[in-house]
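# Structure assessment
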Amino acid sequence: MSSDNYFIIKGEDESGVRLESRVLEENIQNAVEAGERNLRIYALGQHAIGGRLWKAGSEKINVQIFGSSGQRVGCFGFPNTYIEVNGPASDDVGWLNAGAEIVVKGNAGNGVCNAMAQGKVMIAGSIGSRGMTMTKHNPRFEPPELWVLGSTGDYFGEFMAGGKAVICGYNPQDEENILGYRPLVGMVGGKVFFRGKIKGYSSGDAKLRNVNDREWEWLEENLKIFLEKTDKKEAFEELSKKDEWQVIEAKSPTEKKGTARRSMKHFIEHVWDRELGKGGLIGDLAEVDRTPIPVIATGEWRRFVPSWENRKYIAPCQGACPSGIPVQERWRLIREGKMEEAVELALAYTPFPAAVCGYLCPNLCMEVCTKKINSLPAVDIKELGKASVSAQAPSAELKKDHKKIAVIGGGPGGISAAWQLRMKGHDAVIFDLEKELGGKISSVIPNSRIPKDVLEAELLRVKKFIPHVQVEEKIDRKAFEELKENYDYVIIASGTVKPRIPGVKGGERIISSLEFLRKAKNQEINPGENVVVIGGGNVGCDVATEAKRLGASNVTIIDIQKPAAFGVEREEAEKAGAVFKWPCFTKEITEKGVLLESGELLDADVVVAAIGDETDLSFLPDGIETERGFIKTDKSGRTSDFNVFAAGDVIKPGLLTDAIGAARRSAEAIDSDSLGIDPDEDIREVIDTSRVSIAYFDPRKTGYSGVKDCGDQCASCGTCRDCSICVTVCPRGAISRVEKGNDSFEYIADPDKCIGCGFCAGACPCGIWIMVPNSPFE
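All figures in this text were calculated on a predicted structure; none of them were measured in a lab. (Residues numbered from 1 in each chain as written. Predicted model: local features only at pLDDT ≥ 70, side-chain atom pairs only at ≥ 80, totals over all residues. Heavy atoms only, no water.)

### Side note on a negative patch on the surface
To be explicit about the condition: Residues enter patches when they are more than 30% accessible in relative terms and free of salt bridges; like-charged ones are connected within 9 Å and nonpolar ones (Val, Leu, Ile, Met, Phe, Trp, Tyr) within 5 Å. Computed with the Shrake-Rupley method and a 1.4 Å probe, the accessible areas treat only the protein chains shown as cover for residues. Any carboxyl oxygen of Asp or Glu within 4 Å of a side-chain nitrogen of Lys or Arg constitutes a salt bridge here. Only four residue types enter the charge count, namely Lys and Arg as positive and Asp and Glu as negative; His and the chain termini do not. By convention, charge coordinates are those of NZ in Lys, CZ in Arg, CG in Asp, or CD in Glu. Helix numbering and strand numbering both begin at the N terminus, where a helix is a DSSP run of H or I of at least 4 residues and a strand a DSSP run of E of at least 2. Burial status follows relative accessibility: with a 1.4 Å probe on protein chains alone, a residue under 20% of its type maximum counts as buried, one over 50% as exposed, and anything between as partly exposed.
A surface patch of like charges, here negative, comprises Asp476, Glu481, Glu482 and Glu485. With respect to the helices, strands and loops of the structure, Asp476 is situated in the loop between strand E15 (469-470) and helix H15 (477-486). Look at Asp476 and you get partly exposed, because its relative accessible area is 42%.

Dropping the structure here:
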């Protein structure tokens, strides 16, 4: 804070490098949010300074700008904001201004006050072209005002629909024409007061007259204020002569009525037929259908017709979810007050709606959320995931002609396969090497990532639903052949269980990430003072976080390239104080630590390798094809053996949700085999997010206050919210809602009323309506 009580914000960082406009705006917004109300900005050409300062509410904000202000000073300005530019300004000052007062102590560029609705802009010089264009005036508020000491550029006041402009003509750029070329074209509202000479204006849209007494009283009073704020009080004597001022205002619709235009009949007879038609250049080649059609076409005469494409496309969140969960459908159920049904819908796709969706998944659905793409917070699926911990297992009975399936592996993939098969009425048995179900979720992933009680509740639900589980079962080739003989199908979901260890001298001193995390979870390892983790992925971050929790003072994560870690894992490691270091090439593991190829020695009491794990496929018979250590399958997970499927990391490394989704597809393929049909695939494409409108959502919202709030804020991409906005906005009343039974409905457009205007498509929040070309005439 400086001595004159202004909070200083610079347009450069500590090293003198210019900040991006986005970063400077974030700094300004953060200062306002922190309570600062007097800001002094030292700009270096950054754009949009002083706009959108809504976080102060109704409290006044004073913004002083020094240096070079970029384009759009005060754009989206709020009524609480006063901006003073101490020098000239670039283009679009006050663009879409909604109430801010902006003073520029110099000239300004093009587009001043473009589309302004409220507020005042005062320029202590001249402005460029297209100033005061497309302004509007809401009669509930004071009209927008533009004050210019000098003159304007060309096309001033184009399509002006409201407001007041005062052009003083004091030391103008062109004394013979202070309003520039072709001013006030398309003017439909507002007034322009000016002093000096002009070379015409759009007389078809506006009219010129003298200033009346009431207008002069307003003009004289506000002229003093304008000159004082722009430090030009000496000009008042010259500017305060009423007889030198004139005003141009928009004509009324009645006044705009002009001479009659040539009729189409006259054009056809006297122009078309003479030059091109009968007796003209193409008279013998073309026949012109002159059947009269309505001015506003309906039915088959429309160029475009509306199409209601409800559920034709899937939402981006569903398309991104490896498990295929229809996320937007869950939010629809929440909006309808059906929390239990929303949870049950998730159980149809995953046995871990809380553990995975609420805690362990990186939530790819949120990364592609249409709201996040448009710079709004993504709808938070984690809230719904965490609320699913108390979900009850679904009911399922074995079908008379059920199949028996052996599932090798009790991790997320194996449990998902058995879960899905059980729901479809088949008998699935899980065989796992560990004592407890859950795979790495149970044995490796730290408790800091998922609460112990949540995991126990989910596994208890699984055990109740899948009665046949055999643990501590090692599968070799002989055991695998026995499974093939005793079961109709076998699903391999054994994951990656063999750790990779760098092949360097002293490698025997390295502990694998699997071993370290397993021991850390059971409090069976002391990491010492210094820990080095080889591998900068998410597993390496988990190792680092656990090492710090167990008392390590220094944890270094090294990698040969920029670490690939992301999401919660990386955030937790950085929060714990882990240091990332790359590129680092390990030469040797010594008693003192890790010796790098560069000669640098990293002190380490414990060295952990987190460079991935390998599959153990030694139990596979020769007839099942593999490639580079992984099992080859088709898209359903079927291997070269028709009755053997594979899912999860034995196919390729991936997320927990990848394994869960792959196992579900294998289960569906087995069920389809039992029914003698092909698997039912969802081949729908993801909806184009440009069709979805987020204009209905509050852009100031920075988070959500619970599951219901999340449901209300979901844009429901590609699925109709049944809001009837299309019915409301249709100017012809052509759209109606039709009940179809079973709680389903449809919106239809009456072709005899519809004019193909596209209002329905433009207003639809979910992207359901789209305008398509009408069928061509035969």
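Let us keep going from here.
### Structural notes on the domain arrangement of the protein
Selection criterion: Residue ranges labeled as domains rest on an automatic or database domain assignment.
Splitting the protein by domain gives domain 1 (44-257), domain 2 (404-496 + 615-675) and domain 3 (501-611). Here domain 1 and domain 3 have C-alpha centroids that lie 63 Å from each other.

### Considering helix H6 (residues 327-335)
Worth spelling out the cut-off: In this analysis, two residues are considered to be in contact whenever any of their non-hydrogen atoms come within 4.5 Å of each other.
In terms of burial, H6 is a largely internal element, seven of the nine residues being buried. Listed as buried for H6 are Val327, Gln328, Glu329, Arg330, Trp331, Leu333 and Ile334. Tucked inside the fold, the buried residues of H6 contact helix H5 (316-320), helix H7 (339-347), helix H9 (364-367), helix H11 (381-386) and helix H20 (707-713). Phi for Gly337, located one or two positions after H6, is positive at around 75°.

### Quick word on the pattern of salt bridges
Pairing between side chains of opposite charge can happen when their charged atoms approach one another. Per the stated rule, a full pass over the model turns up 51 salt bridges. Of the charged contacts in the structure, one is a salt bridge between Glu176 and Lys197, with a shortest N-O distance of 3.7 Å. Taken together, the positions of Glu176 in the loop between strand E8 (161-167) and strand E9 (189-195) and Lys197 in the loop between E9 and strand E10 (206-210) put the pair 21 residues apart, joining distant regions of the chain. According to the relative accessible area criterion, Glu176 is partly exposed, its value standing at 41%. With a shortest N-O distance of 2.8 Å, Arg737 and Asp722 are connected by a salt bridge. With Arg737 in strand E30 (residues 735-741) and Asp722 in the loop between H20 and helix H21 (725-729), this residue pair connects regions lying 15 residues apart in the sequence. Judged by its relative accessible area of 28%, Asp722 is partly exposed.

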